[in-house]
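# Geometric and topological summary
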Amino acid sequence: MKRTFPWPIAFDALALLLWGLMILRYWWTGRLAVLLHPDYHWLAIGAGWLLLLMALWRGAALLWSPKSLNTPHIALLPRRWSLAVLLAVAVFGIIYIPRPFTSDTALARGIAEPVALTRSQPRRFARNTPPEERSLIDWIRLLNVYPEPDAYTDEPVNITGFVIHPPNWPDDYLLAARFVLTCCAADAYPVGLPVQLSGDRGEFAPDSWVNITGTMMTDTVDGQRRLVIQPQDVLPVPEPKNPYEF
Amino acid sequence: MLSLFALAGAMSQFNQGLTLFLSLLVEATPFLLLGVAFSSLLAILVDERKLVALTPKNPVLAAIAGSLFGCLFPVCECGNVPVARRLLMQGAPSALAIGFLLAAPTVNPIVFWATWVAFRDQPSMVFWRVGLTILISVIIACVFSVQKDLRPFLQPAIARQLLPPEPEPALATATSDSPLLTRGTYLLQSTGPVKLDQPLAMDMAVLPSATWTVKAQAVLEMMLQEFRELGAVLVMGSAIAATVQVAIPREWILALGQGPITSILAMMLLAWVVSICSTVDSFFALSFASIFTSGSILAFLVFGPMIDLKNISLLLTTFKSRAVIYLFVLAAQLTFVFTLAVNLYTSW
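Because the structure is predicted, anything quoted here is derived from the model rather than measured.

A pair can form between side chains of opposite charge whenever their charged atoms are brought close. The final tally for this structure, using the stated rule, is 10 salt bridges over all chains. Glutamate 221 of chain B serves as the salt-bridge partner of arginine 58 of chain A, at 3.4 Å between the closest nitrogen and oxygen. Remark: glutamate 221 of chain B occurs in helix H11 (residues 212–247) and arginine 58 of chain A occurs in helix H3 (residues 41–63); the pair is interchain, linking two chains. Given the relative accessible area of 15%, glutamate 221 of chain B is considered buried. Among the ionic contacts, a cluster of salt bridges with common partners joins Asp12, Arg58 and Arg79 of chain A together with Glu221 and Arg228 of chain B.

Right under this line is the structure:
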């Protein structure tokens, strides 16, 4: 008996396989950190493996057709459409390399305004950490609780962030920023601290990563009294493996 | 030069949109898989006729029972219409069926977990979401229970089936092998007619050959079907969320999202249009959480799973359009009023 090749089953298996590979590839290449909070990586990785297993099961049906029940299902989209959408996204997701958010995004989300600090409650109170060990987000959380900049004058600071050039700021000021994540990139919001340079900010390109050591002071930037870093050293560093802070 | 800058800006926006899109997909996929796995397993294992026999006759209690049934049938809004329909066919009180219909997509363990993961900074969102869903479902179920005879609200084919007071001769329909001679309502699909009102668990009990391998095969088959379809809806929903975030000027969204009334209306409209599955809608909502009022995010999470563009076509397979309009209007009004109260009278 001549059997026609079961294309629908083959496409199902292919779609499952590619979705699984897409997720697992982000894990293998370390790009999962760009998309998700590390607490949830295991969920995504598990889903990737599960999709691969389902692909295997579906692929096995190509070789021998098992006895199956007619399972009732009400389809809203024609099967071909949904398959086409899934396949297209998986192929794209396998090719495309997701990039962390940039300074444009941070500016569009209003990072330069000091009122837009953070919406999350501080989960850990950083006052007890020595100032030079506080991360950028620790500083911002501290400022949220106690916003008076003078309280931090002359405290040592050592942070890493990416460079933003806010358009209204003078040329010797830049913003050292990071995105904060609670779940996935969908809820990322930017935080940053102004840095007063001795030279022109053109030396540090927007979106390049820098490590800044120095001391805190209070200054007026764009008409606002703010906590500002006076750096001793601004060193270019490579993009950290996990660009976000938590 | 200027156009180069514009191009660079557009590219950066495009990249941002893609990162958002992929992050929503990758975060939501595990929950979608869990949701379809559970709903497929339960469709095979649980026979809802036994539950119907146990439910209280008092309409309020039946409504509460119905809205808590979701914990036993963790189905999203595509799976719950057929189940609600089977409940009605098996003589369940209307309060039970309506309560289940509205609450089941939200009141289930997977949705709790997904909402908690998404709103880790605002754990109260989970409780508000579940509490408000149960409250609204019970109210609407009680309203519908005043209509003792639901038949005028149902599609004629189903209303006719409700006429005989005695329960369906179950085995006769299940074992008859001619699809032309069996009673019931079918939805014509490319894969052949689908009988809507028969519990799959009944098929399983009847088939002597339903061994574990066959059952597992059926579960996987259903998982795949649901994943294929809901995955495609998830892709479109994520694309819409990412586009709205990136393409619409921030000032507009801010203006809309900060008003206590406009924000709720906007999010309810979005919930209705996007039709994203309830196991993953909290991730969608999350991308708006920093700009929109908490009440409006809650409105999205409560209203979306009850009635949206996608499940209206499903509801119409069971209810007459008049009843669907009642359901829609009641659910929309109650969601609006309660979430507005949340916006105005709580500091949350």
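All right, on to the environment of threonine 182 of chain A then. Residue position: threonine 182 of chain A is located in the loop between strand S2 (173–180) and strand S3 (189–196). On the basis of relative accessibility, which here comes to 4%, the residue threonine 182 of chain A falls in the buried class.

The subject of this paragraph is the nonpolar core. In terms of nonpolar packing, the biggest core is built from 148 residues, with Trp19 of chain A together with Phe283 and Ile297 of chain B touching the most fellow members. By residue number, the principal contributor to this core is helix H1 (residues 2–45) of chain B, which donates 13 residues. Taken domain by domain, the makeup of this core includes at least three residues from each of domain 1 (7–66 + 74–95) and domain 2 (103–245) of chain A. Apart from residues no more than four positions distant in its own chain, phenylalanine 283 of chain B is found in contact with Cys183 and Ala186 of chain A together with Leu24, Glu27, Ala28, Phe31, Ala114, Val117 and Ala118 of chain B.

Moving on, we get to unusual backbone geometry. Outside of glycine, negative phi angles account for most residues, and trans bonds account for most peptide bonds. All names here are of chain A. Although it is not a glycine, aspartate 154 adopts a positive phi angle of roughly 70°. Mapping aspartate 154 onto the fold places it in the loop between helix H6 (136–145) and strand S1 (156–164). Not every positive phi belongs to a glycine, and aspartate 207 is a case in point at roughly 75°. You can see aspartate 207 is positioned in the loop between S3 and strand S4 (209–221). Taking the relative accessible area as the measure of exposure, aspartate 207 reaches 31% and is therefore partly exposed.

Definitions and limits used
Residues numbered from 1 in each chain as written. Chains lettered and ligands numbered in written order. Predicted model: local features only at pLDDT ≥ 70, side-chain atom pairs only at ≥ 80, totals over all residues. Heavy atoms only, no water. Salt bridge = Lys/Arg side-chain N within 4 Å of Asp/Glu carboxyl O. Helix = DSSP H or I, 4+ residues; strand = E, 2+ residues; numbered from the N terminus. Buried < 20%, exposed > 50% of the residue type's maximum accessible area, 1.4 Å probe, protein only. Core = buried A, V, L, I, M, F, W, Y, C linked by side-chain atoms within 4.5 Å. Domains from an automatic or database assignment. Contact = heavy atoms within 4.5 Å.

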